[in-house]
Amino acid sequence: MKAVVLPEYGEANRLEVRDLPEPTPGPNEIKVRVAAAGINPIDWKLRSGAFKAYRPLTFPAVLGRDVSGEVVAVGPGVIAFKVGTRVLGFVDHGYAAFVVAPVDAWAEVPAGLELIDAAALPLVSLTGAQLVEAAGIREGDAVLVTGATGAVGRVAVFIARSRGAKVFAGVRRNHKADAATLGADVVVALDDEQEIAKLPPLDALADTVGGATTQQLLGKLKAGGRIGSVVGEPAGAKERGFAVQAFSTHRDPKRLAELAASAAAGKLIVPLAKRFPFSQAGAAHALAEKGGVGKVLLLPDR
């Protein structure tokens, strides 16, 4: 099968297409013919070596955590999925024509959701939902989501609103127009000290940014305020009495199915920037790494 392979740490142009053996599903696993794979920040951080102290790669490596596709084989004991089922999954080694992963990595793609586009959802939708849970956001809370126009931030805004919170969407000043479409109660430019100063006391912070931006916001949290973070614990936050939960995204097939249904209904929107074939994986990574609005997808060369 064709797969996008990283032979060593390096820039986006180090990615190349190779022929690899097709995987075989074991007990409680399914095999999926990949329609598309999503590119996420973790992918280029792993590729560059920025995360090698935490998650070293074994080369040659196949990156990719998001995929969508069709089930082509099931392992012993699998009854949840049948051959031909359309699925999306939070997996490992997703940049490949075929992927095998445990049953709990997958959810069925609902009617109304385009199969290729579904590949944009698994990691960011689960992360956004789990971020809101980590921050303990509930009805009536005043919560600020940092990086709100990023894919994870968009999902966090959606989930926080669905819980009845008053949501402040924190973005860069040049993203305010785009953030206005998120449905947040207030859009705040986090690179504008005057706008930060006008923030009311906050019950919770859902953080996707970290660093100096988050440090500025700690002074806006109420005593005993809560912080959920995908970028580690903010320095000094616990010492100031805040409840902090930094986490890594975990599989949750039931939640993934719910989020996919929201996307199919047009309630949850994760914008797409561009689709690339596997043969242009380097260009795809380079575009995704520049940032901006929208996820980049890789499609197997057929």
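Calculation notes
- Residues numbered from 1 in each chain as written.
- Predicted model: local features only at pLDDT ≥ 70, side-chain atom pairs only at ≥ 80, totals over all residues.
- Heavy atoms only, no water.
- Helix = DSSP H or I, 4+ residues; strand = E, 2+ residues; numbered from the N terminus.
- Buried < 20%, exposed > 50% of the residue type's maximum accessible area, 1.4 Å probe, protein only.
- Contact = heavy atoms within 4.5 Å.
- Lys, Arg positive; Asp, Glu negative; His and termini not counted.
- Charge placed at Lys NZ, Arg CZ, Asp CG, Glu CD.
- Pairing = 2+ DSSP bridges.
- Right-handed = clockwise from strand over helix to strand, strands pointing away.
- Core = buried A, V, L, I, M, F, W, Y, C linked by side-chain atoms within 4.5 Å.
- Phe/Tyr/Trp six-rings, centres within 6.5 Å; stacked < 30°, edge-to-face > 60°.
- Lys NZ or Arg CZ within 6 Å of the ring centre and 35° of its normal.
- Polar contact = N/O pair within 3.5 Å; in protein donor to acceptor, adjacent residues only side chain to side chain.
- Expected span 1.5 Å × (residues − 1).
- Axes fitted to C-alpha atoms, helices over the stretch in contact; angles between N-to-C directions.

Draft legend 1. Looking closely at the overall build of the protein chain. Looking only at helices and strands, the protein chain has eight helices and 15 strands in total. The dimensions of the protein chain, computed from C-alpha atoms along their principal axes, are 55 × 40 × 35 Å. Within the protein chain, buried positions represent 51% of all 302 residues. Sequence separation of at least 24 residues holds for 62% of the intrachain contacts in the protein chain that already meet a minimum separation of 6. Side chains of the protein chain carry 35 positive and 31 negative charges; the gap between the two charge centres is 2 Å.

Draft legend 2. Examining the pairing of strand 9 (residues 166-171) more closely. Of all six residues making up strand 9, five are buried, and the element is well covered by its neighbours. Strand direction decides the pairing type here: strand 8 (residues 142-146) and strand 9, joined by five bridges, are parallel. Note on strand 9: the bridge partner recorded for threonine 146 is glycine 170. Where the polypeptide runs from strand 8 across helix 3 (residues 151-162) and back to strand 9, its parallel neighbour, the crossover connection is right-handed. In the sheet, strand 9 pairs with strand 10 (residues 186-189) via four bridges, with the strands oriented parallel. Each residue of the ladder has a partner; that of phenylalanine 168, found in strand 10, is valine 186.

Draft legend 3. Spotlight on the nonpolar core. Within the largest apolar cluster, 87 residues are counted, with the highest numbers of intra-cluster contacts made by Trp106 and Ile137. When residues no more than four places from it in sequence are discounted, the contact partners of tryptophan 106 are Ile30, Val32, Val67, Phe81, Val87, Leu88, Gly89, Val91, Val99, Ala101, Pro253 and Leu256. Judged by nonpolar contacts, the second largest core, of 16 residues, contains Phe168, Val188, Leu217 and Val244.

Draft legend 4. How the structure looks around the pairing of strand 11 (residues 202-207). With respect to burial, strand 11 is a largely interior element, six of its six residues being buried. The pairing of strand 8 with strand 11 spans three bridges and is parallel. Paired with valine 145 across the two strands is alanine 206, which belongs to strand 11. Bridge count between strand 11 and strand 12 (residues 221-229): five bridges; the pairing is parallel. From the neighbouring strand, alanine 206 faces strand 12, where its bridge partner is glycine 228.

Draft legend 5. Examining the packing of aromatic side chains more closely. Taken as a whole and judged by the stated rule, the model has two aromatic pairs. It is lysine 31 that lies over the ring of phenylalanine 98; its NZ or CZ is 4.9 Å from the centre.

Draft legend 6. Quick look at the environment of tryptophan 106. Summarising the element assignment, tryptophan 106 is placed in strand 7 (residues 106-108). For the pair formed by tryptophan 106 and lysine 254, sequence separation is 148 residues and the distance between their alpha carbons is 9.0 Å. Within the local environment of tryptophan 106, its side chain forms a polar contact with the backbone oxygen of alanine 101, the two atoms lying 3.2 Å apart.

Draft legend 7. View of helix 3. In this model helix 3 runs 17 Å from its N-terminal to its C-terminal C-alpha over 12 residues, within 8% of the 16 Å that 1.5 Å per residue would give. Where burial is concerned, most of helix 3 is hidden: nine out of the 12 residues are buried. Of all the positions in helix 3, only Val152, Gly153, Arg154, Val155, Ala156, Val157, Phe158, Ile159 and Ala160 are classed as buried. Taken together, the buried residues of helix 3 touch helix 2 (122-134), strand 8, strand 9, helix 4 (176-179) and helix 7 (253-264).

Draft legend 8. Spotlight on the sheet that holds strand 8. In space, the six strands of this open sheet follow the order 10-9-8-11-12-13, with parallel pairing throughout. Two strands lie at the open edges of the sheet, namely strand 10 and strand 13 (243-246), each paired on one side alone. Pairwise comparison of adjacent strand axes, ignoring direction, gives a mean angle of 20° for this sheet. Here helix 2 sits on the sheet in contact with strand 11, strand 12 and strand 13, set at roughly 155° to strand 12. Each of strand 8 and strand 9 touches helix 3; the most contacted strand, strand 8, lies at about 165° to it.

Draft legend 9. Here's a closer look at the environment of lysine 166. Looking at the element boundaries, lysine 166 is found in strand 9. The class of lysine 166 is partly exposed, set by a relative accessible area of 42%. Linking lysine 166 and tyrosine 54, residues 112 residues apart in sequence, is a C-alpha distance of 36 Å. Residues in contact with lysine 166, not counting those within four places in the same chain, are Asp141, Ala142, Val143, Asp185 and Val186.

Draft legend 10. Representation of unusual backbone geometry within the structure. Cis geometry marks the peptide bond from phenylalanine 59 to proline 60, where omega comes out at -5°. Mapping proline 60 onto the fold places it in the loop between helix 1 (41-48) and strand 4 (66-74). In this model, asparagine 28 sits at a positive phi of 65°, which is unusual for a non-glycine residue. Structurally, asparagine 28 can be placed in the loop between strand 2 (16-19) and strand 3 (29-38). We classify asparagine 28 as partly exposed; its relative accessible area is 43%. Its identity is not glycine, yet histidine 93 carries a phi of approximately 60°, on the positive side. Relative to the helices and strands, histidine 93 is located in the loop between strand 5 (86-90) and strand 6 (98-102).

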